[in-house]
Every structure is written in C-alpha cells, then in structure tokens.
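# An overview of the molecular structure
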Amino acid sequence: MKKIFLILFILILTSLSAFAEYKPIPKNLSKQYKKEMEYIINTEYPKAIKNVDEYIKNAKNLRDNVLKNGFNLENYINLTLISEVCIPAADLDLYAKLMKVTQEKYLGTKYQPLGTDSTNPIYEYLYPYIKDNNVNQNKLTKIILYENKQIKIIEEYIKQVEKLRP
C-alpha cells in the first residue's frame, strides 16, 4: 500500500514540473518582446492606478456611510473585501495582457489564463521572460507599492468601523 502511494506521489511531482517548462523567447524576437512588454506596462499602468483609486473612493464612501448611519455588516464586509481582494487584483488585467502576448505571440501557444485573482502566480510565470529580455519593471513595482499604501489606508478605515461594531 505504501508503495502505491509513493509511486502516485512521484508521478504527480514529475507531471507538475512538466507543465511548468520554461521556453525562452527566440533571440531574434527579444528586442521586440521587450519593447512590446514595456508598451503594455506603460499603457496599462495608469489604468491600474485608476482602478486602485476607484476602490479607495468606494471604501471611503462605505466608511463614511458607517460613521454617519452606524455599523452595517455589509459595509464592513465590503471594506474588508476591497482591501483583501479588489486592490491586490487591480492590476490583473495588465498581467493578463502581458501573459497573453507572451504565450500567443512569442511562444506560439494558446493563451492559458491562470485561474486566480492574484497577480503573484502570473508574475512568477512571466518573471523568467521579463528577466531574460531585460524588460523594465519599475512601473510594476510602483503599482504594488501604491496598492500596499492604499491597503493600509483601508485597514485604518476598517479599524474605525470596527470601533462602532456592537
């Protein structure tokens, strides 16, 4: 019985590594890839920041509503969801576009989106391509820093709302 489990475990481990195989971008397309990735990052950067700002505005309205009308569980939950789910995923479209172009145009494979609401797995997938082709990722870093700063603001809103909790 132990041997069967061991064999299944080994098969699962070896099959997982086969799905995560890295295929480099052809050298003759490296400059074009870098240029296109940076263009996508530059055009999608303001949209991601705007998404975060919209979530902040919504969170402030929820907080103000609670301060004005008293504790409301629905508003409290929505505030929490904004900080834990919405803001960290505000740049998901940007990463999806980067991944789609990478897969379809440069790797010649069908676009396979990752079933996640986090950009971390997508970034981990894209990182070898970004690194190998010297893609400037400063704006990606700025988005993350901005998101984290805004999450802290919403966490303060949540603390203010929790003080009114019965």
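The structure this text deals with has already been given above.
Bear in mind the structure is a predicted one, so any value in this text is a computation, not a measurement.

## Things to note about a nonpolar patch on the surface
Among the surface-exposed residues, Leu73, Ile77, Leu81 and Val85 lie close enough to one another that they form a single nonpolar patch of about 310 Å² accessible area. As for its placement among the helices and strands, Ile77 is situated in helix α3 (residues 73–86).

## Remarks on helix α6 (residues 138–163)
Residues separated by three or four positions in an α-helix point in the same direction, a consequence of the helix having 3.6 residues per turn. End to end, α6 covers 38 Å across 26 residues, agreeing with the expected 38 Å (1.5 Å per residue, within 8%). When we look at burial in α6, the residues that qualify are Leu140, Ile143, Glu147, Gln150, Ile151, Ile154, Tyr157, Ile158 and Val161.

## Concerning the packing of helix α4 (residues 92–106) against helix α5 (residues 120–132)
The packing of two helices is summarised by the inter-axis angle and the distance between the axes. For the pair α4 and α5, the least separation of the axes is 10 Å and the interaxial angle reads 45°. Judged on the interaxial angle alone, α5 and α4 are oblique. Once α4 is placed against α5, the crossing between them reads as left-handed. Residues Leu92, Tyr95, Leu98, Met99, Thr102 and Gln103 of α4 form the contact with α5, whose own contacting residues are Ile122, Tyr123, Tyr125, Leu126 and Tyr129. Residues belonging to the contact of α4 with α5 are distributed by class as follows: nine nonpolar, two polar and no charged.

## Things to note about the nonpolar core
Among the nonpolar cores identified, the biggest contains 22 residues, and Tyr33, Met37, Leu98 and Leu126 are the most heavily contacted of them. Contributions of two or more residues to this core are made by α2 (30–69), α4, α5 and α6. Once residues lying within four places of it in the same chain are set aside, the contact partners of Tyr33 are Ile25, Thr102, Tyr106, Leu126, Tyr129, Asn133 and Val135. Grouped together as the second largest cluster of nonpolar side chains are 15 residues, Val52, Ile56, Tyr157 and Val161 included.

## Examining the packing of aromatic side chains
The final tally for this structure, using the stated rule, is six aromatic pairs. On the numbers, 4.9 Å between centres and 45° between planes, the contact of Tyr22 with Tyr129 is tilted. Note that Tyr22 is positioned in the loop between α1 (2–19) and α2 and Tyr129 in helix α5, a separation of 107 residues in sequence. Accessibility expressed as a relative area gives 33% for Tyr22, which makes it partly exposed. By the ring-pair criterion, three or more aromatic residues cluster together here, those being Tyr22, Tyr125 and Tyr129. A cation over an aromatic ring shows up here: Arg63 above the ring of Tyr157, its NZ or CZ 4.4 Å from the ring centre.

## Concerning unusual backbone geometry
Not every positive phi belongs to a glycine, and Asn134 is a case in point at roughly 50°. If you trace the backbone, Asn134 turns up in the loop between α5 and α6. Look at Asn134 and you get exposed, because its relative accessible area is 56%.

## Section: the environment of Asp53
Secondary-structure assignment places Asp53 in helix α2. What makes Asp53 partly exposed here is its relative accessible area of 32%.

## Points about the pattern of salt bridges
Pairing between side chains becomes possible if they bear opposite charge and their charged atoms approach one another. All told, the structure shown has eight salt bridges when counted by the stated rule. As a salt-bridge pair, Lys47 and Glu44 come within 3.2 Å of each other at their nearest N and O atoms. Within this pair, Lys47 and its partner Glu44 are both found in helix α2, separated by three residues, close to a single helical turn. Judged by relative accessible area, Glu44 falls into the buried class, the value being 7%. Two residues, Asp64 and Lys60, come together in a salt bridge whose shortest N-O distance is 3.0 Å. Here Lys60 and Asp64 lie together in helix α2, a separation of four residues that amounts to about one turn. A residue is classified by how much of its surface remains accessible, and Lys60, at 37% relative accessible area, is partly exposed. Salt bridges sharing common partners tie together Glu44, Lys47 and Lys97.

Cut-offs and rules
- Residues numbered from 1 in each chain as written.
- Predicted model: local features only at pLDDT ≥ 70, side-chain atom pairs only at ≥ 80, totals over all residues.
- Heavy atoms only, no water.
- Patch = residues over 30% accessible without salt bridge, like charges linked within 9 Å, V, L, I, M, F, W, Y side chains within 5 Å.
- Areas by Shrake-Rupley, 256 points an atom, 1.4 Å probe, with all protein chains shown as cover.
- Salt bridge = Lys/Arg side-chain N within 4 Å of Asp/Glu carboxyl O.
- Helix = DSSP H or I, 4+ residues; strand = E, 2+ residues; numbered from the N terminus.
- Expected span 1.5 Å × (residues − 1).
- Buried < 20%, exposed > 50% of the residue type's maximum accessible area, 1.4 Å probe, protein only.
- Axes fitted to C-alpha atoms, helices over the stretch in contact; angles between N-to-C directions.
- Parallel < 35°, antiparallel > 145°, perpendicular 65-115°, else oblique.
- Left-handed = near helix turned anticlockwise from the far one by under 90°.
- Contact = heavy atoms within 4.5 Å.
- Nonpolar A, V, L, I, M, F, W, Y, C, P; charged D, E, K, R; others polar.
- Core = buried A, V, L, I, M, F, W, Y, C linked by side-chain atoms within 4.5 Å.
- Phe/Tyr/Trp six-rings, centres within 6.5 Å; stacked < 30°, edge-to-face > 60°.
- Lys NZ or Arg CZ within 6 Å of the ring centre and 35° of its normal.

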